[in-house]
Amino acid sequence: MRIEDVYIWDINAKWLGITPYQLMENAGSGVARTIEERFGKGLKIAVFSGTGNNGGDGFVAARHLSFENDVTLFLVGDEAKIRSEEARHNWEILKGLDFVKIKVLKDSAYIKSLDLSAYDVIVDALLGAGTRGEPREPIRSAIEKINEYAGKAKVVSIDLPSGYPSGVRVKADFAVTFQWDKEEYDGFERVIVKIGYPKELYHLVGPGDAKFALRKKGEHKGQNGKLLVIGGSGDYYGAPYLASKAASYLVDLVYLAMPSEPAMRISDLDLILRPIGGRNFSPGHVHELLSIAEKADAVVIGPGIGLTEETKEFVREFVKRCEKPMVIDADGLKAVAEDLSVLNGKTFVLTPHAGEFGVLFGVKPESLFIEKAEVVGEKAGEVGGVILLKGAYDVISDGKTWKCNRTGNRGMTTGGTGDVLAGLVGALLALGNEPLRAASAGAFLNGLAGDMVKEELGENFTALEVAKKVPHAVRWVMEF
Ligand SMILES: NC(=O)C1=CN([C@@H]2O[C@H](COP(=O)(O)OP(=O)(O)OC[C@H]3O[C@@H](n4cnc5c(N)ncnc54)[C@H](O)[C@@H]3O)[C@@H](O)[C@H]2O)[C@@H](O)CC1
Ligand SMILES: [K+]
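Quantities reported herein were computed from a predicted structural model and do not represent experimental measurements.

## Quick notes on the overall build of the chain
Along the chain, the regular secondary structure elements total 17 helices and 16 strands. By principal-axis analysis of the C-alpha atoms, the chain measures approximately 85 × 45 × 45 Å. The burial tally for the chain puts 57% of its 480 residues in the buried class. Relative to all contacts within the chain whose residues are 6 or more apart in sequence, the contacts with residues 24 or more apart total 69%. For the chain, the computed accessible surface area is about 20,300 Å², with 49% contributed by carbon and sulfur atoms. One finds the centroid of the 58 positive side-chain charges in the chain at a distance of 3 Å from the centroid of its 66 negative side-chain charges.

## Description of the domain arrangement of the chain
Taken domain by domain, the chain consists of domain 1 (19-196) and domain 2 (207-479). Averaged C-alpha coordinates put domain 1 and domain 2 at centres separated by 47 Å.

## Observations regarding the UniProt feature "binding site: K(+)" (unreviewed entry) in the chain
UniProt's feature table lists "binding site: K(+)" (unreviewed entry) at Asn 54, Asp 124 and Ser 162, given in the numbering used throughout. These annotated residues cover 109 residues of sequence, and their C-alpha atoms all fall within 9.3 Å of one another, placing them together at a single site. Apart from the residues within four sequence positions on either side, Asn 54 is in contact with Asp 124, Ala 125, Leu 126, Leu 127, Gly 128, Ile 158, Asp 159 and Ser 162. By the secondary structure assignment, Ser 162 is in the loop between strand E5 (154-158) and strand E6 (174-178). Judged by relative accessible area, Ser 162 falls into the buried class, the value being 0%. For Ser 162, the contacting residues outside a window of four places in its chain are Asn 54, Asp 124, Ala 125, Leu 126, Leu 127, Ile 143, Ser 157, Val 168, Arg 169 and Val 170. Within the structure, the side chain of Ser 162 is placed 2.9 Å from the backbone nitrogen of Leu 127, a separation counted as a polar contact.

## Some thoughts on the site of ligand 1
By nearness alone, 23 residues border ligand 1, and Asp 10, Asn 53, Asp 57, Gly 128 and Asp 159 come closest of all. Within the backbone of Arg 136, one N or O atom sits 3.0 Å away from a nitrogen atom of ligand 1. A total of 870 Å² of accessible area belongs to ligand 1 in isolation, and the protein chains cover 76% of it. At the level of secondary structure, the elements contributing two or more residues to the shell around ligand 1 comprise helix H2 (20-39) and helix H3 (53-65).

## Quick look at the coordination of the potassium ion (ligand 2)
The potassium ion (ligand 2) binds to the protein through Asn 54 (OD1), Asp 124 (O), Leu 127 (O), Ile 158 (O), Leu 160 (O) and Ser 162 (OG), with metal-donor distances spanning 2.7 to 3.2 Å. One way to put it: the six donor atoms around the potassium ion (ligand 2) meet at angles of 69 to 175°, and that makes the site irregular. Read from N- to C-terminus, the donor residues coordinating the potassium ion (ligand 2) fall into the pattern N-x69-D-x2-L-x30-I-x1-L-x1-S. Taken together, the residues Asn 54 in helix H3 and Leu 127 in the loop between strand E4 (121-125) and helix H6 (139-148) connect sequence positions 73 residues apart. Given a relative accessible area of 8%, Asn 54 falls into the buried group.

Here is what the cut-offs are and how they apply
Residues numbered from 1 in each chain as written. Chains lettered and ligands numbered in written order. Predicted model: local features only at pLDDT ≥ 70, side-chain atom pairs only at ≥ 80, totals over all residues. Heavy atoms only, no water. Helix = DSSP H or I, 4+ residues; strand = E, 2+ residues; numbered from the N terminus. Buried < 20%, exposed > 50% of the residue type's maximum accessible area, 1.4 Å probe, protein only. Contact = heavy atoms within 4.5 Å. Areas by Shrake-Rupley, 256 points an atom, 1.4 Å probe, with all protein chains shown as cover. Lys, Arg positive; Asp, Glu negative; His and termini not counted. Charge placed at Lys NZ, Arg CZ, Asp CG, Glu CD. Domains from an automatic or database assignment. UniProt positions renumbered as here; feature names shortened; annotations may be inferred. Polar contact = N/O pair within 3.5 Å; in protein donor to acceptor, adjacent residues only side chain to side chain. Near = heavy atom within 4 Å. Donors = N, O, S within 2.8 Å, 3.2 Å for Na, K, Ca; no water. Tetrahedral: all angles 85-135°; square planar, octahedral: opposite > 155°, others 65-115°.

So, in structure tokens, the structure goes:
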């Protein structure tokens, strides 16, 4: 488990209706329970809280411990800085209790003069996952004060030893950390308590995935992704246009490469058109397209590209030689289905619906959800990339783990929503996301945009309307 997963699962838990209050209550009570199990009851306990949510866990732990122990809560910092609703709520409760003694410590000199020799247990809730840089005063003095008693009193840190990962940190007997051990944590002993995250979080795609995938990287033009979309043939230009349009809301630049005939139908100032000679792509175009791909961060290939032999050959040759992360969609899937070895060593997302999945792998995904997840995972492992199987529930796998996206509605069976999806996944790859994350977040945003259109128009809408809702879906996610 990485810290970024915790961030994502937290948001997804909120989406499932699990409140920060519940999590904090479970965290604090888990700490209290662990202390009583290890050290017994009837103890004299000092809890040192900071003003963030780590401190909030300390407030809850103090309340639980006060039932059968003698507890003093030291708030290190200014009461006015307790900002989160849940930490403030628990602070107000503590202030109303007679059996918890409260001391507010703002002055470093005073902290240095404290005598803690009467305490059996010191709980360290000064700083947790929100720590930025070396501890500053007055927290720093509190850490040094606690360390004077290391080895004399039992020192239990909440989530991590305050100050970690800097060298100025609490010397804890152990830390009580929550639900999962985090890969980044190292060099201190950990006891893990569950705080009520449901198992669904392993598989559910939610706003957390999208929010994480959409975080901005740079303020300068071109730093937030450049995508190349390759598609279109004959008179067919709608599909690559939809993919490009949807992507243009997420990345700084979209190059749309299309045979010149269909390209003439498009006049959209948000896209950079790259017309290619002829009515459809053929192997002679590979070199030219690879050099455009050089300028992009990711590529979408396939929407509306057609199924003539020379085009299929073009797709395979391009995929084989392209070093950028790719989304392979629609007719592009049928082209690579004839020789899956072109995918070897590539970074890619395949976005088949059930029929295309059958063409690719010679098997129809089972209708039972869990079997579907299994077969998608198996095939993703075989091809060495990510597969996003579109359906009422989208199933996404990289061969190691699988995810399920539930946004979207029946109205999205209308033609072109798959192209919008391919564009979004491509854009999220161009933003630097891992393929599994890009595919998950893209599926979520596409479905959410579709749900927003349905809210307005009912179930009869078009894919262009879904594409144009993308910025609204993004705003909803970022504000969630
Ligand atoms: N789902 C979650 O996110 C949960 C979080 N929980 C707790 O919440 C903690 C994270 O809470 P927060 O994000 O509020 O962060 P913290 O409580 O770790 O710290 C944030 C506060 O510390 C200050 N600060 C940051 N770096 C500092 C430094 N170097 N010196 C002095 N002050 C500094 C900040 O200004 C801020 O006021 C976790 O460690 C965990 O204990 C638990 O309640 C369980 C659930
Ligand atoms: K801590």
